[in-house]
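# Summary of structural features
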Amino acid sequence: MFLKKNLWGLFFFFFWGTVFSQSEQLKILDRTFNDYAYVDFETSHIKEIVNPNERYSHVLNVENEYSMLLDSLTSEKKKSDKFILRILNINSTYSDYAPSFYGGALVFSSSRDVNRVSKAFDASNNQPFLDLYIASKRPDKQRIRKLKGKINSKFHESSPTFSEDGKTVYFTRNNYSNKKPKSNTEGKVLLKIYKASYYDGKWGGIEEVSFCSDEYSVAHPTLSPDGRFLYFASDMPGSLGKSDLYVVRIHKDGSFGAPENLGDQINTIERETFPYMSDSGKLFFASDGYLGFGGLDVYVAMPNECNNIEIYNLGEPINSLEDDFTFIVNEENKVGYFASNRKGGKGDDDIYGFKQLISFKEYHSRKPKTIQKLEKVIKLKKRTLEEITSM
């Protein structure tokens, strides 16, 4: 069975260090799978890699750039025992979320562009449609810009994930064909994953991936670090819950294998969404199907002492009483970002940065205190119920 093979594959990469090669608006988006995103690009961050030494130097330079970029975007710091939370200065009064590493820059989704005469609004939440933007360390007004080319439409684009060479991007967009939205049999415009290529300074060659459908949503892609697998969320037939996490193999010719559900060790009867595969091969995702703080929480799937996959809640300050999602991290330099609609933010959804203080392996023995208390209450109630029924 592919699921078992895939999970053991995850174990292999975990233990051997091999790259397993990466508000209401959110609720409307993910519960109905009907939305999001748009971007702008900085070519100077993309470098050709011609030999291992240059590759190593390139990786170090990019990691340094990530740290410097986070510092340049930070307006305030808050420290916990596991993370230093960074309040960022790039957020708008609208929705900002779905950060993605791209060279030494940060690409993200935002509905901030309300000045354009032709700007359209989403009738479901009266918010402008999302576009993809890029944030760099530039000190001028161009530090936050849209991606160039035809990657953006008048509808939602979001959740980009880039190939290692920076020349290919997979992203989420509303089902959109011939400049018009396309509905399913129930009249809903769902989500699809699209692929774009970078050439002549712009993104173009937009094409829908082969495993999409007009009748269900396929969204929020993330590439494995070696680029051989694409993880995503979908409510396709066979899903265990409202949305599940899937994986599909990318063949050398660019074609795709058959999507495979990650199974009930990952997926629940509720929502699993926004997957992210880190540089060390850990799978992070958002879910409201596990014991958490409230709304969507961010989790990591890791093998426990018995080599079985276990799901760990990242705790505070990553998770809150509200929705927390689109988590990304570069484990090599311990820098990352996520989005949340928690109180105290600037807009509908805001992007937060962080520096990691402890390794994710330590989560085995450092569950959030709130989760520990809830687990004790559940165990106590279960034991009491068993005693009553056995009388």
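Residues numbered from 1 in each chain as written. Predicted model: local features only at pLDDT ≥ 70, side-chain atom pairs only at ≥ 80, totals over all residues. Heavy atoms only, no water.

## Section: the overall build of the protein
A tally of helices and strands in the protein yields four helices and 25 strands. With 391 residues in all, the protein has 55% of them scored as buried. Accessible surface for the protein amounts to roughly 17,900 Å². Of this, 52% is attributable to carbon and sulfur atoms. (Helix = DSSP H or I, 4+ residues; strand = E, 2+ residues; numbered from the N terminus. Buried < 20%, exposed > 50% of the residue type's maximum accessible area, 1.4 Å probe, protein only. Areas by Shrake-Rupley, 256 points an atom, 1.4 Å probe, with all protein chains shown as cover.)

## Observations regarding the sheet that holds strand S7 (residues 131-135)
Taken in spatial order, the four strands make up an open sheet running S3-S4-S7-S8, and their pairing is antiparallel. Every interior strand has two partners, whereas the edge strands, strand S3 (96-102) and strand S8 (144-146), have only one. Put simply, the sheet's adjacent strands are angled 30° from each other on average, direction ignored. With three bridges joining them, S7 and S8 adopt antiparallel strand pairing. Each bridged residue has a counterpart across the sheet, and for Ile 134 the counterpart in S8 is Arg 145. (Pairing = 2+ DSSP bridges. Axes fitted to C-alpha atoms, helices over the stretch in contact; angles between N-to-C directions.)

## A look at the sheet that holds strand S24 (residues 335-340)
Strand order in this open sheet of five strands is S1-S2-S25-S24-S23, and the pairing throughout is antiparallel. Each edge of the sheet is formed by a strand with only one pairing partner; in this case those strands are strand S1 (74-79) and strand S23 (324-330). With direction set aside, neighbouring strand axes in the sheet form an average angle of 25°. Bridge analysis of strand S2 (residues 83-88) against strand S25 (residues 350-356) gives five bridges, and the strand direction is antiparallel. Residue Arg 86 lies in a different strand from S25, and its bridge partner there is Gly 353.

## Looking at the side chain of Ser 213
When you line up the elements, Ser 213 lands in the loop between strand S14 (202-208) and strand S15 (218-223). With a relative accessible area of 17%, Ser 213 lands in the buried category. A distance of 3.0 Å separates the side chain of Ser 213 from the backbone nitrogen of Glu 215, its partner in a polar contact. (Polar contact = N/O pair within 3.5 Å; in protein donor to acceptor, adjacent residues only side chain to side chain.)

## What to know about the nonpolar core
Counting 34 residues, the largest nonpolar core has Phe 284, Leu 314, Ile 318, Phe 327, Tyr 337, Phe 360 and Tyr 363 as the members making the most contacts within it. Among the elements of the structure, helix H3 (52-73), S2, strand S4 (105-110), S7, strand S21 (297-303), S23, S24 and S25 are those that each provide at least two residues to this core. In contact with Phe 327, other than residues within four places in its own chain, are Tyr 276, Phe 284, Val 298, Leu 314, Ile 318, Tyr 337, Phe 338, Phe 354 and Phe 360. Membership of the second largest hydrophobic core comes to 17 residues, among which are Tyr 102, Ile 134, Phe 162 and Trp 203. (Core = buried A, V, L, I, M, F, W, Y, C linked by side-chain atoms within 4.5 Å. Contact = heavy atoms within 4.5 Å.)

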